[in-house]
Amino acid sequence: MKQKEAIALEYDKSKNSAPKVTAKGKGKTAQKIIELAEKNDIPIKKDEDLVELLSKVELDKEVPTEMYRAVAEVFNFIYKMTKT
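In this text, all values refer to a predicted model and were calculated from it rather than measured experimentally.

S.K.: Where do I start with the layout of surface pockets in this structure?
M.R.: Left-over empty space is what a probe sized like a water molecule reveals as it rolls over the atoms. Approximately 930 Å³ is the volume found for the largest pocket. For the lining of the largest pocket, the elements supplying multiple residues, two or more each, are β1 (5-10), α1 (28-39), α2 (48-54) and α3 (68-82). Per-element tally for the lining of the largest pocket: the top contributor is β1, with 6 residues. Residue classes in the lining of the largest pocket are distributed as 20 nonpolar, 1 polar and 10 charged.

Here you go:
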């Protein structure tokens with residue numbers, strides 16, 4: 001069975017030109033990231049391919065331009081989920 005992985009993204013357009021990776025981990029660390037997101041009502045999108053790509057980005061680094069399209073889909077998903 002494949003080990004659970006999680007990546008947390010943050011985007012503050014007043015501070016950054018692109019979203020950045022703020023947390024990442026496997027196993028227990030991934031579970032903790034997911035639990036914190038759930039506790040804080042942060043939407044979660046399951047996308048193993050995107051997690052694999054984003055896991056190569058260093059912590060607190062912006063997402064590279066070649067990943068913008070995939071990450072934009074995540075933020076679009078979040079926007080639709082949180083739109084009231």
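Moving on from the model shown.
S.K.: Looking at this structure, how should I read the nonpolar core?
M.R.: Grouped burial of nonpolar side chains is what soluble globular proteins tend to show. Counting residues in each nonpolar core, the largest one holds 10 residues, listed as Ile7, Val21, Leu50, Val51, Leu54, Val57, Val63, Met67, Val71 and Val74. At the level of secondary structure, the elements contributing two or more residues to this core comprise α2 and α3. No other element matches α2, which puts 3 residues into this core.

About the cut-offs
- Residues numbered from 1 in each chain as written.
- Predicted model: local features only at pLDDT ≥ 70, side-chain atom pairs only at ≥ 80, totals over all residues.
- Heavy atoms only, no water.
- 1 Å grid on protein atoms, 1.4 Å probe; cavity = no way out; pocket = protein on both sides within 12 Å on 5 of 7 lines; lining within 4 Å.
- Points joined across faces, edges and corners; volume = space filled by probe spheres on them.
- Helix = DSSP H or I, 4+ residues; strand = E, 2+ residues; numbered from the N terminus.
- Nonpolar A, V, L, I, M, F, W, Y, C, P; charged D, E, K, R; others polar.
- Core = buried A, V, L, I, M, F, W, Y, C linked by side-chain atoms within 4.5 Å.
- Buried < 20%, exposed > 50% of the residue type's maximum accessible area, 1.4 Å probe, protein only.

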